[in-house]
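Residue-level structure breakdown
Residues per chain are reported as follows:
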Amino acid sequence: MVNVAILGHGTIGSGVYKVINDNNSHVSRRAGDDIKVKYVLDLRDFPGDPVEDILVHDFDTILNDDEVDIVVEAMGGVEPAHTYAMQALLAGKSVCTSNKEVVAKYGYELIQIAKENNCNFFFEASVGGGIPIIRPLMGCITADHIKSISGILNGTTNYILTKMSEEGLAFDDVLKDAQNKGYAERNPEADIEGYDACRKIAILASLAYERQVNFEDIYTEGITKITCEDFWYANQLHSSIKLLGLAKRQNGVVYSMVAPFVVNQDNPLYGVSDVFNAILLDGDMLGEVMFYGKGAGSLPTASAVVSDVISAVKNRGRNIPILWRPEKRELGPVDAFEMPYLVRVSGTDIEKEIKDVFGDVQFLQGQNGETAFVTGPMSGADYEKAASNFEVVNRIRIF
Ligand code: HSE
């Protein structure tokens, strides 16, 4: 018998409880031992809920119970989730988490503590929700150097951008609709400003490039400045606009950023709509491979957490090494990243001035007294210098 304690009875925690119970015989058979949820930790009470009898309010009950082998951390936020995870690992209990904030900030530290205590710290659900990406990256695509990772890593923003694109709605209206449907938080900042995607690409980059990528070092731009008009121009390029998390290795230097990009219909990420996520990896031997599915939600995310629980059971008393060294990886300057831009500037009959400054560009059909064009690949620094000659309405990088 393996006893599991679940920290948090919110969206993910309650999903984990349901998956372990509803699929119990299957999950136990896969794990090779009977799995039981012994405790659920939450500050709240849940009268009438099936967890009522196993609900505890004090983490020490779990920590001091030698019968608890595995702790599922589904609390969200950095503290006390990080401290509880650390204490559980120090006590030799494996920890499985969906918490990207904790993994991005303390992943390497918790991996090290797990190693020293002969247990495991697993975090499949921290990126891409139910999509298997961490284990494939660590255990399957190991023969390759990863040339790049490009991901739609946030369901909320992908839903908003899809609605804006398909229904011609304004950002604020779609955000309200997403909040009403429960796809966006009441405080949507972490999603719409790209902070959530930033933590997820930091985790993927740390694993792919084997050293700590600090999320604070990643240039991050959200989607709040994207308008319906931007989609009208992108449409002329047979493209849409997606919030992408990127990490790329070029000449030994790793670059990473989060920003909205114009994505052409030929790219596999173009067709990833609504709340779905996708991660496109490019390996030097494998070429491109894409992982697609539900990046959020109770049961998809819980499915990934419980697969970690099964793995933790199968590997009791044995640490599975994870290559994520604590030394910080210095990122290349984002200004050096060369890419084309879709640019909208105020004014008409200014094609000559634009060409004089930006060189050879492709003009699009303009509207509302604007001129729109696509530049050739240029660095961020060169773009800023050229753009300072014009009144820019908006500019979006082209993927
Ligand atoms: N708010 C996140 C999203 C939840 O929309 O993708 C999953 O991390």
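Look up a bit, the structure's there.
Summary of the structure given here. Here the structure is a predicted model, which is why all the values come from computation and not from measurement.

1. Focus on unusual backbone geometry
For the bond running from Glu-79 to Pro-80, omega is 5 degrees, close enough to zero to count as cis. Among the structural elements, Pro-80 can be located in the loop between strand E4 (68-73) and helix H4 (81-90). Backbone geometry places Asn-118, a non-glycine residue, at a positive phi of 55 degrees. Within the secondary structure, Asn-118 sits in the loop between helix H5 (100-116) and strand E6 (121-122). In this structure Asn-118 comes out as partly exposed when scored by relative accessible area, which is 43%. A positive phi is found at His-238, a non-glycine position, where the angle reads about 55 degrees. Residue position: His-238 is located in the loop between helix H11 (228-236) and strand E10 (239-250).

2. Overview of the packing of helix H1 (residues 11-22) against helix H12 (residues 298-314)
Relative orientation of the contacting elements H1 and H12 amounts to 65 degrees, with a least axis distance of 8 Å. Taken as a pair, H1 and H12 cross one another with a handedness that is right-handed. Along the contact surface, H1 presents Thr-11, Ile-12, Ser-14, Gly-15, Val-16, Lys-18, Val-19 and Ile-20, while H12 presents Ser-298, Leu-299, Thr-301, Ala-302, Ser-303, Val-305 and Val-306. Residues of the contact of H1 with H12, tallied by class, amount to eight nonpolar, six polar and one charged.

3. Let's talk about H11
Because each turn of an α-helix spans 3.6 residues, side chains separated by three or four positions end up pointing in the same direction. For H11, every residue scored as buried is listed here: Asp-230, Phe-231, Tyr-233 and Ala-234. Within H11, the buried residues cover an arc of 160 degrees as seen down the axis, which keeps them to one side. On its buried side, H11 packs onto helix H7 (155-167), E10, strand E16 (341-346), strand E18 (370-374) and strand E20 (392-398). Note on H11: the residue one or two positions beyond its end, His-238, has a positive phi of about 55 degrees.

4. Quick notes on the packing of aromatic side chains
The full count for this structure, using the stated rule, is 13 aromatic pairs. Centroid distance Phe-123 to Trp-324: 5.9 Å. Interplanar angle 75 degrees. Geometry classified as edge-to-face. Linking Phe-123 in the loop between E6 and helix H6 (134-140) with Trp-324 in the loop between H12 and strand E14 (325-328), this pair joins segments that are 201 residues apart in sequence. On the accessibility criterion, Phe-123 (2% relative accessible area) is buried. Both rings, one in Phe-276 and one in Tyr-292, keep their centres 5.1 Å apart while their planes meet at 5 degrees; by these two values the pair is stacked.

5. Section: the pattern of salt bridges
Enumeration over the complete set of coordinates arrives at 18 salt bridges. With a shortest N-O distance of 2.9 Å, Arg-44 and Asp-42 are connected by a salt bridge. Residue Arg-44 is classed as partly exposed on the basis of its relative accessible area of 44%. Between Arg-397 and Glu-221 there is a salt bridge whose closest N-O contact spans 3.1 Å.

6. Some details on the site of the ligand
Around the ligand sit Lys-100, Asn-154, Gly-155, Thr-156, Asp-191, Asp-196, Lys-200, Gly-295 and Ala-296, and those are all the residues in its vicinity. Within the backbone of Gly-155, one N or O atom sits 2.8 Å away from an oxygen atom of the ligand. Between the ligand and Lys-200, the relevant distance is 2.8 Å, taken from an oxygen atom to a side-chain nitrogen or oxygen of the residue. Isolated, the ligand exposes 260 Å² of accessible area, and the fraction of that covered by the protein chains is 80%. At the level of elements, H7 and helix H10 (195-208) are the ones that each hand at least two residues to the shell around the ligand.

7. Quick look at the environment of Gly-317
Take Gly-317: it is sitting in the loop between H12 and E14. Classification of Gly-317 as exposed rests on a relative accessible area of 53%. Distance in space between the C-alpha atoms of Gly-317 and Asn-118 is 5.7 Å, their sequence separation being 199 residues.

8. Let's talk about the pairing of strand E12 (residues 276-283)
Burial runs high along E12: seven of the eight residues are buried. Pairing of strand E7 (residues 146-152) with E12, which is carried by six bridges, proceeds in the antiparallel orientation. In the sheet register, Ile-146 faces E12, and the bridge partner there is Gly-283. Examined bridge by bridge, E12 and strand E13 (residues 287-294) share eight bridges and lie antiparallel to one another. If you follow Phe-276 over to E13, its bridge partner there is Lys-294.

9. Focus: the sheet that holds E6
A sheet is described by the order of its strands in space; here six strands give the open sequence E3-E2-E1-E4-E5-E6, paired in parallel fashion. Each having just a single partner strand, strand E3 (55-56) and E6 make up the two edges of the open sheet. Across four bridges, E4 lies against strand E5 (residues 94-97) in parallel orientation. From the neighbouring strand, Glu-73 faces E5, where its bridge partner is Thr-97.

Reading the values: the criteria
Residues numbered from 1 in each chain as written. Predicted model: local features only at pLDDT ≥ 70, side-chain atom pairs only at ≥ 80, totals over all residues. Heavy atoms only, no water. Helix = DSSP H or I, 4+ residues; strand = E, 2+ residues; numbered from the N terminus. Buried < 20%, exposed > 50% of the residue type's maximum accessible area, 1.4 Å probe, protein only. Axes fitted to C-alpha atoms, helices over the stretch in contact; angles between N-to-C directions. Left-handed = near helix turned anticlockwise from the far one by under 90°. Contact = heavy atoms within 4.5 Å. Nonpolar A, V, L, I, M, F, W, Y, C, P; charged D, E, K, R; others polar. Arc of directions from axis to C-beta. Phe/Tyr/Trp six-rings, centres within 6.5 Å; stacked < 30°, edge-to-face > 60°. Salt bridge = Lys/Arg side-chain N within 4 Å of Asp/Glu carboxyl O. Near = heavy atom within 4 Å. Polar contact = N/O pair within 3.5 Å; in protein donor to acceptor, adjacent residues only side chain to side chain. Areas by Shrake-Rupley, 256 points an atom, 1.4 Å probe, with all protein chains shown as cover. Pairing = 2+ DSSP bridges.

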